[in-house]
Amino acid sequence: MKGFFSKLSQSIMLPIALLPAAGIMLGIGGSFTNPAMIEAYNVGVLQDGTALNSFLQIMTAAGGIVFANLPVMFALAIAVGFARAEKGAAALAALISYLVMNVAIAKTLVVGGMIDADTNTVVLMGSHYSGILSSALGIDNTLSMGVFGGLIAGAITVILHNKYHDAKLPDYLGFFGGSRFVPIISAFAALFYGIVLTFIWPFFGAAFGAIGMALGELRASGLGYIASFIFGIIERSLIPVGLHHVFYLPLWQTEIGGTAEIAGEVVKGTQNIFFASLATGDFSQFTATNFMTGKFPFMMFGLPAAAYAMYSLADTENKKAAGGLLFSVALTAFLTGITEPIEFTFLFLSPALYYALHVPLAGLSFLLMDVLGVKVGMTFSGGFIDFSLFGVLPGVTGANNHWYFIPLVGIAYAFIYFFLFRWYILKFDVKTPGRKGSAVAVVSKQDYRNAKSGSAGGDDSKAVAMIEALGGEENIVDVDACITRLRITVKDGNLVKDNDYWTQELGARGLVKVGDTGIQAIYGAEAAGYKAQINSKLGK
């Protein structure tokens, strides 16, 4: 089960990786076309009807289309991520499945007389279900399943693909065999499970809606900070096994994270509500950010301060090497909110330092942001780029989002992290990078360039060494990567070298074994480059 969810987390990172670009478009376009901002600052070149205003409106629409179509992107991502071969054919089949599924749902609702036009609700077994009708890729009056719809279509498609991608048909049907057979059988399957979903999804939708309403009532009662605290604790606790994406995605993208009516449409999910608000200028809906805002103080300030604490305790002769490593991971955390490289720097050295200090402080950060009414959204993580675009910029253009509490709390967090980390490292004699002769895992700029380009040389031998450390070519089933990790499936996890070998010999930040066959090697931004190299060596 761990291996499955690890693979799921890896797959959904593909569409999530699109969100920063789309979010930047929405952030800039939505803020600078906001009438309140234009009027407040009297910026003539941004007035409605000017060339710049028109361009920014187009930019806003371009960013919005990504968020509007995340479900189909998830369908494609699941197919690509789980397909054992012919990944392109799997993606095409997933797209066909998603379209047919939604058409089947829409037509079943119509021919079954299940839509009450007066109330725009779905009628099933005498009960009315509101807020579950939507449009998808031009298909009107289908069920609003959010990313779950994409996950269902992608999952069923990939099961069929892995079973039939090499199917052999009689000679007279030979043209339709192999990978061409998959979209055909996937379309027929989608026709039937689309009809079935029409009769069961309203119940699931109602259940998810009830969860969202409960969270909303908890927030309204003044106890929403408890939900935020628990969210922060769980989200950070799942980082080591790479399953945090699976945990927060339903809250960000479905009604479990709340619903809101924006510009006459019901929007579901914390992240979707935030960006719909940003795009329309309806800043009153910025309230739905309690599962995002808490990341900023500890990602931008706390963890970089922890890195400085580790640097301050490095041996004199190792300070330069330790500084190179720790400054780079601290800067990455501050700018982008990608914190896994720095978290894994101390996680494997002292799990208690991670779980006893860092995780509770992360949960407390979510709680404080909620109590202080800070409402700043993000694309996928809480770095300075997202803070500027989705906190400062909306704040100075009319949103009452209290963004200024983030640096104020962040500065306090910096001192707390610095002194707590120094105290813990000294008291329990943790050999952080460069301290008491401990190794400093440093990847040079040239290593990074070689990894990105797949060039020969030093990194060529490193890719070979990684393959050997994974138990050899015959032990490797699949090699993929997310933003910071190599994610590998092997036949026998016992043949894989241990964490010390990967960190000391191969420059990894750490190694996680998920179940018997799942391997995650943490490399930071270099992970994607190493994935390409290893697959090239394996002939994939």
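Residues numbered from 1 in each chain as written. Predicted model: local features only at pLDDT ≥ 70, side-chain atom pairs only at ≥ 80, totals over all residues. Heavy atoms only, no water.

## A word on the packing of helix H14 (residues 340-347) against helix H15 (residues 351-371)
Each pair of packed helices can be summarised by the angle the axes make with each other and by the distance between the axes. Taken N-terminus to C-terminus, the directions of H14 and H15 make an angle of 120°; their axes are 7 Å apart at the nearest point. Relative to H15, H14 is oriented oblique. Judged by residue contacts, Glu343, Phe346 and Leu347 of H14 engage Pro351, Leu353, Tyr354, Tyr355 and His358 from H15. Residues that form the contact of H14 with H15 fall into these classes: six nonpolar, one polar and one charged. (Axes fitted to C-alpha atoms, helices over the stretch in contact; angles between N-to-C directions. Helix = DSSP H or I, 4+ residues; strand = E, 2+ residues; numbered from the N terminus. Parallel < 35°, antiparallel > 145°, perpendicular 65-115°, else oblique. Contact = heavy atoms within 4.5 Å. Nonpolar A, V, L, I, M, F, W, Y, C, P; charged D, E, K, R; others polar.)

## Quick word on the side chain of His161
Note that His161 resides in helix H7 (residues 146-164). Overall, His161 belongs to the buried group, its relative accessible area being 0%. Residues contacting His161, with those up to four places away along its chain left out, are Ala83, Ala85, Glu86, Ala89, Ala90 and Val182. (Buried < 20%, exposed > 50% of the residue type's maximum accessible area, 1.4 Å probe, protein only.)

## Quick notes on H7
Between its first and last C-alpha atoms H7 spans 28 Å; for 19 residues at 1.5 Å apiece the expected length is 27 Å, and the two agree. For H7, every residue scored as buried is listed here: Val147, Phe148, Gly149, Gly150, Leu151, Ala153, Gly154, Thr157, Val158, Leu160, His161 and Asn162. (Expected span 1.5 Å × (residues − 1).)

## Observations regarding helix H21 (residues 527-538)
Taking 1.5 Å per residue, twelve residues should reach 16 Å; H21 reaches 16 Å between its end C-alpha atoms and fits that length. Turning to H21, its buried residues are Ala527, Gly529, Tyr530, Gln533, Ile534, Asn535 and Leu538. Looking one or two places after H21, you find Gly539, whose phi comes out positive at around 75°.

## Brief notes about the sheet that holds strand E1 (residues 115-116)
Within the open sheet, the three strands sit side by side as E1-E2-E3. Their pairing is antiparallel. Unpaired on one side and paired on the other, E1 and strand E3 (127-129) mark the two borders of the sheet. Bridge count for strand E2 (residues 121-124) against E3 is three bridges, and the pairing is antiparallel. By the bridge assignment for E3, Leu124 is matched with Ser127. (Pairing = 2+ DSSP bridges.)

## Quick word on unusual backbone geometry
The backbone of His402 sits at a positive phi, close to 55°, despite the residue not being glycine. By the element assignment, His402 lies in the loop between helix H16 (384-396) and helix H17 (405-427).

## Some points on the pattern of salt bridges
A full pass over the atoms with the stated rule returns six salt bridges. Linking Glu235 and Arg236 is a salt bridge whose minimum nitrogen-to-oxygen distance equals 2.8 Å. For the residue pair Glu235 and Arg236, the accessibility class agrees, reading buried in each case. Residues Asp429 and Lys431 are paired through a salt bridge, measuring 3.6 Å at the closest nitrogen-oxygen approach. For Lys431, a relative accessible area of 39% corresponds to the partly exposed category. (Salt bridge = Lys/Arg side-chain N within 4 Å of Asp/Glu carboxyl O.)

## A few points about the packing of aromatic side chains
Across all of its chains, the model carries 28 aromatic pairs by this definition. Geometrically, the ring pair formed by Phe274 and Phe390 is edge-to-face, given 6.2 Å between the ring centres and 90° between the ring planes. Remark: Phe390 occurs in helix H16 and Phe274 occurs in helix H11 (residues 270-280); sequence separation between them is 116 residues. Judged by relative accessible area, Phe390 falls into the buried class, the value being 0%. Residues Phe415 and Phe419 carry aromatic rings whose centres are separated by 6.5 Å and whose planes lie at 10° to one another, so their mutual orientation is stacked. Pair noted here: Phe415 and Phe419 are both in helix H17, with a separation of four residues, about one helical turn. (Phe/Tyr/Trp six-rings, centres within 6.5 Å; stacked < 30°, edge-to-face > 60°.)

## Brief notes about the environment of Phe181
In this fold, Phe181 is placed in helix H8 (residues 181-220). As a C-alpha pair, Phe181 and Ala167 span 14 residues in sequence and 7.3 Å in three-dimensional space.

## Examining the pairing of strand E11 (residues 518-522)
The buried fraction of E11 is high, at five of five residues. Going residue by residue along E11, you find Gly518, Gln520 and Ile522 tucked away on one face and Ile519 and Ala521 tucked away on the opposite face as well. Of the pairings in the sheet, the one linking strand E9 (residues 485-490) to E11 comprises five bridges and is antiparallel in character. Paired with Thr489 across the bridge in E11 is Gly518. Note that strand E10 (residues 510-514) and E11 share five bridges and pair antiparallel. Bridged to Gly510 within E11 is Ile522. Between E10 and E11, which pair antiparallel and follow one another directly, the connecting turn spans three residues, one of which, Gly515, has a positive phi of 70°.

## Focus: the nonpolar core
By size, the foremost hydrophobic cluster in this structure holds 99 residues, and its most contacted members are Met101, Leu143, Trp252, Phe298, Ile406, Tyr417 and Phe421. Of all the elements, helix H12 (residues 295-312) adds the most residues to this core, at eleven residues. With sequence-adjacent residues up to four places away left out, Tyr417 is seen in contact with Phe298, Gly302, Leu303, Ala305, Ala306, His358, Leu361 and Ala362. Residues Ala481, Leu506, Leu511 and Ala527 belong to the second largest nonpolar core, which totals 24 residues. (Core = buried A, V, L, I, M, F, W, Y, C linked by side-chain atoms within 4.5 Å.)

## Some points on the sheet that holds E11
Within the open sheet, the four strands sit side by side as E8-E9-E11-E10. Their pairing is antiparallel. Unpaired on one side and paired on the other, strand E8 (476-481) and E10 mark the two borders of the sheet. Across the sheet, the mean angle separating the axes of adjacent strands is 20° when strand polarity is ignored.

## Examining the environment of Leu486
Checked against the element boundaries, Leu486 lands in strand E9. On a C-alpha basis, the gap between Leu486 and Ile519 in space is 7.9 Å, while along the polypeptide they are 33 residues apart. With sequence-adjacent residues up to four places away left out, Leu486 is seen in contact with Met466, Val479, Asp480, Ala481, Ile519, Gln520, Ala521, Tyr523, Ala527, Tyr530, Lys531 and Ile534.

## Topic: the packing of H12 against helix H13 (residues 319-336)
For the pair H12 and H13, the least separation of the axes is 8 Å and the interaxial angle reads 175°. In terms of axis orientation, H12 runs roughly antiparallel to H13. Touching Met299, Met300, Pro304, Ala307, Met310, Tyr311 and Ser312 of H12 are Lys319, Ala322, Gly323, Leu326, Ala330, Ala333 and Phe334, all from H13. Grouping the constituent residues of the contact of H12 with H13 by class yields eleven nonpolar, two polar and one charged.

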